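An overview of the molecular structure
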Amino acid sequence: MPVSTRDAQQQDQAARSSEASLVLGILGVVILPILAPFALWQAYKSEKLGGRATAGKVLGWVGVALLILGILWAILFFAFFGVMMSEFETATSTTI
């Protein structure tokens, strides 16, 4: 139970940050992994204010892992694509 108005405002802000971290965590895992670091930011902000944001933090870390895997996949894809295009150029230039 809040003792003062300041405590009530702090608890309200912690609750809003906790909810934001949960929503951003879900969106970061399901739709757009770039939102996952923001979920972590809101979760840590909520915990700093005395709230609990365990679900948002877990989903945020899962989203960060998916983001890293997506970036690695893109790098490997474009590297493979570049090598294949180079080989294709070499093959077509030697036959002509």
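Read on for an overview of the structure. (Residues numbered from 1 in each chain as written. Predicted model: local features only at pLDDT ≥ 70, side-chain atom pairs only at ≥ 80, totals over all residues. Heavy atoms only, no water.)

Bringing the overall build of the protein chain into the picture now. Across its full length, the protein chain holds three helices and zero strands. Its helices and strands taken in sequence order, the protein chain reads α-α-α from the N to the C terminus. Counting across all 96 residues of the protein chain, residues that qualify as buried make up 18%. For the protein chain, the share of sequence-separated contacts (at least 6 apart) that also reach a separation of at least 24 residues comes to 56%. Taking the average place of the 6 positive charges on the side chains of the protein chain and the average place of its 6 negative ones, the gap between the two points comes to 16 Å. (Helix = DSSP H or I, 4+ residues; strand = E, 2+ residues; numbered from the N terminus. Buried < 20%, exposed > 50% of the residue type's maximum accessible area, 1.4 Å probe, protein only. Contact = heavy atoms within 4.5 Å. Lys, Arg positive; Asp, Glu negative; His and termini not counted. Charge placed at Lys NZ, Arg CZ, Asp CG, Glu CD.)

A few words on helix α2 (residues 36-48). Look at α2: 18 Å from first C-alpha to last across 13 residues, which is about the 18 Å you get at 1.5 Å a residue. All of the buried residues along α2 are Ala36, Ala39, Leu40, Gln42, Ala43 and Ser46. In a view along the axis of α2, the buried residues occupy a sector of 165°, so they form one face of it. Opposite its buried face, α2 presents the exposed residues Trp41 and Lys48, each directed more than 90 degrees away. Just downstream of α2, Gly50 is the residue with a positive phi angle, here 100°. (Expected span 1.5 Å × (residues − 1). Arc of directions from axis to C-beta.)

Applying the stated criterion across every chain, the model contains three aromatic pairs. Here the aromatic rings of Trp73 and Phe77 are separated by 5.4 Å at their centres, their planes lie at 10°, and the arrangement is stacked. Taken together, the residues Trp73 and Phe77, both in helix α3 (residues 54-95) and four residues apart, mark about one turn of the helix. The exposure class of Phe77 is partly exposed, given its relative accessible area of 38%. With centroids separated by 5.3 Å and ring planes inclined at 75°, the aromatic side chains of Phe77 and Phe78 adopt a geometry described as edge-to-face. The exposed category is assigned to Phe78, whose relative accessible area is 55%. (Phe/Tyr/Trp six-rings, centres within 6.5 Å; stacked < 30°, edge-to-face > 60°.)

The description of two helices packed together rests on the angle between their axes and the distance between the axes. Between helix α1 (residues 5-30) and α2, whose axes approach to 8 Å, the crossing angle comes to 160°. Taken as axis vectors, α1 and α2 run roughly antiparallel relative to one another. Helix-helix and strand crossings are classified by hand; for α1 and α2 the assignment is left-handed. Here Gln13, Ala14, Ser17, Ser18, Ala20, Ser21, Leu24, Gly25 and Gly28 of α1 lie close against α2, whose contacting residues are Ala36, Phe38, Ala39, Gln42, Ala43, Lys45 and Ser46. (Axes fitted to C-alpha atoms, helices over the stretch in contact; angles between N-to-C directions. Parallel < 35°, antiparallel > 145°, perpendicular 65-115°, else oblique. Left-handed = near helix turned anticlockwise from the far one by under 90°.)

This part is about the pattern of salt bridges. Throughout the structure, instances matching the rule amount to two salt bridges. Residues Arg16 and Asp12 are paired through a salt bridge, measuring 3.3 Å at the closest nitrogen-oxygen approach. Highlighted residues: Arg16 and Asp12, both in helix α1, separated by four residues, approximately one helical turn. On the basis of relative accessible area, Asp12 is assigned to the partly exposed category, the value being 42%. With its nearest N and O atoms 2.9 Å apart, the salt bridge here joins Lys57 to Glu47. Of this pair, Lys57 sits in helix α3 while Glu47 sits in helix α2, and the two are ten residues apart along the sequence. (Salt bridge = Lys/Arg side-chain N within 4 Å of Asp/Glu carboxyl O.)

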